[in-house]
Amino acid sequence: MGWWQISADTLAGSRFVISPFAEAFASLRLLHAAEAAHPGERRWLDAHLAAYRRRLAADPVTAQLVSAGIGREWTADFLSPAPRDGETFEQGLARVRAADPDAARADLTVSLRGPLPARLHRDDLPERAADLLTYVWTTAVLPSWPRRRRILEADVVARTAQVSRGGWASALDTLRPGTQWLGENRLQVNAHEYPPRELSGAELVFVPITTQRIGWVAWEGTDRYALVYPCAGALADPGGRPMPASLGALLGTARAGVLVRLGSPLSTSQLVAVTGQGLGSVGRHLRVLLDAGLVERRRAGRSVLYSRTAAGQVLVEAAEARNRPGHPAELGSAHDD
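The rules behind the values
Residues numbered from 1 in each chain as written. Predicted model: local features only at pLDDT ≥ 70, side-chain atom pairs only at ≥ 80, totals over all residues. Heavy atoms only, no water. Phe/Tyr/Trp six-rings, centres within 6.5 Å; stacked < 30°, edge-to-face > 60°. Helix = DSSP H or I, 4+ residues; strand = E, 2+ residues; numbered from the N terminus. Buried < 20%, exposed > 50% of the residue type's maximum accessible area, 1.4 Å probe, protein only. Lys NZ or Arg CZ within 6 Å of the ring centre and 35° of its normal. Core = buried A, V, L, I, M, F, W, Y, C linked by side-chain atoms within 4.5 Å. Contact = heavy atoms within 4.5 Å.

Just checking my understanding: could you explain the packing of aromatic side chains for this structure?
The description of an aromatic ring pair rests on the distance of the ring centres and on the angle between the ring planes. Applying the stated criterion to the full structure yields 12 aromatic pairs. A ring pair is formed by Trp-168 and Phe-206, whose centres lie 5.3 Å apart and whose planes are at 35°; its orientation type is tilted. Highlighted residues: Trp-168 in helix α8 (residues 145–172) and Phe-206 in strand β6 (residues 203–209), separated in sequence by 38 residues. For the pair Trp-168 and Phe-206, a shared accessibility class is recorded, and that class is buried. On the numbers, 6.1 Å between centres and 40° between planes, the contact of Trp-219 with Tyr-225 is tilted. Through a chain of ring-to-ring contacts, three or more aromatic side chains come together here, namely Trp-4, Trp-74, Trp-219 and Tyr-225. Geometry around Trp-219 places Arg-197 over its ring, the cationic atom sitting 3.9 Å from the centre.

Laid out in structure tokens, this is it:
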């Protein structure tokens, strides 16, 4: 297994950060894999995959670069520089574009685990990678970035609260498969057999992304390390469950949206992220739903989590059943005009 030796001071100084560049690179990896983890990712792939493949078909050098750079066990380092706190997408992209061509080719031989194809013996590989990442960011990520950012911010709030409640060990154990706090200042970062790395005195950041089957580690020399992980699954597909129109008519669209999303326990800040509503609006809807006995709340450490009660569950399921094709309410009775 791959693990990092992390001093107490390094861990105490570590933090969660949001990186638009990491989100763009994760989206590139999702397009490359073309495997959705939930209906929301499937819809996103349906919207963007065909155009992405057409772009690569028209540029076989870049297509081979992506296949070589995103290996099964290792990603070429120059494609995914360690995210920095407060860095914009453009700043992260500039680091890819500025990569040394010799270093880029050397990185690709590592991710390929073999010799470089003749087509990739060229000096414009960093420029091509940057152009493709720009395409993915502008066409497939930027239009939904405000919603994605709210989701990532909610995940950071939840993880930070988890650290406050149970310490770093409890938070790190749940980041992603293959990540585990081993004790004695050791953090397992993946299941691969790589030599351990000593992080004492380095900057360490944890970076959430919205894609659910993707994660990686990155570093710059011995000064900066990053562990990129999928955000909490309950947040990842905020539009995954459509709201029945009949429920919206009964409760109001915004309030019904809150009830539908409480199939899994969520905090107020997480509800703000997945609904796009303001904190005050979410709070008012929760009070009404609590008074009506449709949701309940419980405290988990310093957080308060809301979820549907049995009555709320029955109401949502009945509304969803009514909206399914073939239901009598959709077909109309024999007495309808």
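Hey, could you run me through the nonpolar core in this one?
Buried together is how nonpolar side chains tend to be arranged in soluble globular proteins. Membership of the largest hydrophobic core comes to 76 residues, with the highest contact counts inside it found for Tyr-52, Phe-78, Leu-108, Phe-206 and Trp-216. If you tally residues by element for this core, the top one is helix α7 (residues 125–141), at 10 residues. Contacts of Phe-78, omitting those with residues within four sequence positions, involve Leu-65, Val-96, Ala-99, Ala-104, Asp-107, Leu-108, Leu-125, Pro-126 and Ala-129.

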